[in-house]
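Fold and geometry: a report
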Amino acid sequence: MGFTDLLDEVGGFGRYQWLHVTLISLPGLFMASQNLLNNFVSGIPTHHCTLPANHSLFNLSHQQLLKAFIPLDSSGTKLDRCRRYVEPQWQLLAANSSANMSLLQTEDCVDGWTFDHSEFRATTVTETEVLDQRLCLCLSYLCICHVCSKIQPVRIGLFLSLRYGRRSVLIWSYLQLAVLGCSAALSPSYTAYCIFRFLGGMAVSGVILNGVSLKVEWIPTKARTIVGTLTSFFFTFGQMILAGLACWLRDWRKLQVVVCAPYFLFFAYSWWFSESARWLVLKRRSEDALKSLKRVARINGKPEVADKLTLEVLHSHMRKEMESSHSTFTAYDLFKTRGMRRISICLMAVWFSTSFAYYGLAMDLQKFGVNIYLMQIIFGAVDFPAKLLALGMLSYLGRRVSQAACLFLSALIIFANIFVPTDMQTVRTTLACLGKGLTSASFTTAYLFSGELYPTVIRQTGMGFVSTMARIGSMAAPAVLILDEVLPALPSVVYGGAAVLAGCFACFLPETLNIPLPDTIEDVEEKW
């Protein structure tokens, strides 16, 4: 008998589990905002060079002034965003002007930029005029704030959660994200904003990793699939909430506060959570584990079971796990034995490629030529059918087939988009949405699958390790987008190729459908 049997005795998936899972999942409504906030906070409005100070002396309409002072870009259809004529070109106002545009002298935007505020009232770009093209925005913001803020904190968070428990680190992460997120809205400069986002990224990792572990360790085996998939819909709803809030506020400071302030509420009620009894036992805190189990039994309407629970009963269910808890585990143990090594290497590829493709699509909404707020809602809505499909596949086909299928199908759609002409924007956008939905389903599967593959004694370390690979993937994704200036199809080839490779790796992972969670590395080696 193991801990899973003990969990069934105290009520299985009862009243406590319903409350527990719901309360831990609620922050997911605003977690999407933390990951995708850059689409709106650092959105680039339509803009052009500011006209010379004396332009008001000319009795001309605004459109005529733009034609005389601002050249067209390389496409010949839009105003150039970064150049203006050194001298006004009045001859261009003539109906049949035959001036050679390539011979006209231009200069940089020496007086700054003029922004169209119909889409965004204020962003970090309009306030700081950081407009050194996508290379600057992608690398300075995404790589520094979004990625570097999570790779090192994952290691810190792992140390804290292994030492102080899932519950304690989760509570602290809520408070940290609330305080630092709201502070970011008060940033006097773009550098200060990046620093606050960097520190806030630590809390984001803490919320995700500890929330997943605390949920899965209180859920019976048979309920894990449906609970894991349904709770991922909180993130899906969050994407649509983000679009609505961004469209309503249209000011990056207000949006920053609104998506971070709710974490004060999550911090307030998180004290109700019970620490993982599995973790408590493995940390030789059996009395605390017994109190948690009795509390869960009473909330689940099993007072008679609570009265019968003793330390002897608890130890008899977890004798094997307690014997292994004398050892200290590090990231090296993820590769030390054959079974763990196979799992870790395959999950590295799965997490990297899933995040790589997901953020490559989700972090560049402006390229689709559709209203950015509508595009965000569409990208969120497409997750509903994708995750319902994933739920059916996870329940009947298993984790391994589901993971591989999501990756292979997303690659197929990404490759298909290469052959769609650029003027068929509706078709291209539709395929991109389908691809994003499948990568989202792959994320849902990966979170559930990874939590079931790694044993309790090293689950946090394993989840943190593969999460780090996902952050590296999200770092590489926006950088790859720049390759479209070399060859428009190149980013899609890279994204699709990575998904195919990861799908092949997923085929080598062991199946975990309806299998109890492993508690020790020995369990993993015996089962797989």
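Note that the coordinates shown come from a computational prediction; the quantities given were computed from them, not determined experimentally.

For the rest of this paragraph, the subject is unusual backbone geometry. Phi angles above zero are rare outside glycine, and R284 is one such case at about 65°. Position of R284 among the secondary structure elements: in the loop between α14 (277-282) and α15 (286-299). Positioned with a positive phi, N514 is a non-glycine residue whose angle comes to about 60°. Position of N514 among the secondary structure elements: in the loop between α26 (490-506) and α27 (521-527). The class of N514 is exposed, set by a relative accessible area of 53%.

In this section: the UniProt feature "transmembrane region" (unreviewed entry) in the chain. Mapped onto this numbering, the UniProt entry annotates "transmembrane region" (unreviewed entry) at residues 169-189, 195-214, 226-249, 255-274, 343-361, 373-394, 401-420 and 489-509. For residues 195-214, the end-to-end C-alpha separation is 29 Å, with 100% helix and 0% strand making up the annotated structure.

Another point: helix α20 (residues 338-362). Compared with an ideal rise of 1.5 Å per residue, which puts 25 residues at 36 Å, α20 spans 36 Å between its outermost C-alpha atoms and is within 8% of the ideal. Of all 25 residues in α20, 19 are buried, a share of seventy percent or more.

Right, let's talk about a nonpolar patch on the surface for a bit. A cluster of nonpolar side chains, Y396, L397 and V401, forms an exposed patch at the surface whose accessible area comes to about 360 Å². Considering the arrangement of structural elements, one finds V401 in helix α23 (residues 399-418). Residue classification places V401 among the partly exposed positions, given a relative accessible area of 41%.

At their nearest, the axes of helix α3 (residues 28-36) and helix α12 (residues 252-260) sit 9 Å apart, and the two run at 145° to each other. Considering the relative orientation of α3 and α12, their crossing is left-handed. Residues F30, S33 and Q34 of α3 pack against V258, V259 and C260 of α12. Considered class by class, the residues forming the contact of α3 with α12 number four nonpolar, two polar and no charged.

Definitions and limits used
Residues numbered from 1 in each chain as written. Predicted model: local features only at pLDDT ≥ 70, side-chain atom pairs only at ≥ 80, totals over all residues. Heavy atoms only, no water. Helix = DSSP H or I, 4+ residues; strand = E, 2+ residues; numbered from the N terminus. Buried < 20%, exposed > 50% of the residue type's maximum accessible area, 1.4 Å probe, protein only. UniProt positions renumbered as here; feature names shortened; annotations may be inferred. Expected span 1.5 Å × (residues − 1). Patch = residues over 30% accessible without salt bridge, like charges linked within 9 Å, V, L, I, M, F, W, Y side chains within 5 Å. Areas by Shrake-Rupley, 256 points an atom, 1.4 Å probe, with all protein chains shown as cover. Salt bridge = Lys/Arg side-chain N within 4 Å of Asp/Glu carboxyl O. Axes fitted to C-alpha atoms, helices over the stretch in contact; angles between N-to-C directions. Left-handed = near helix turned anticlockwise from the far one by under 90°. Contact = heavy atoms within 4.5 Å. Nonpolar A, V, L, I, M, F, W, Y, C, P; charged D, E, K, R; others polar.

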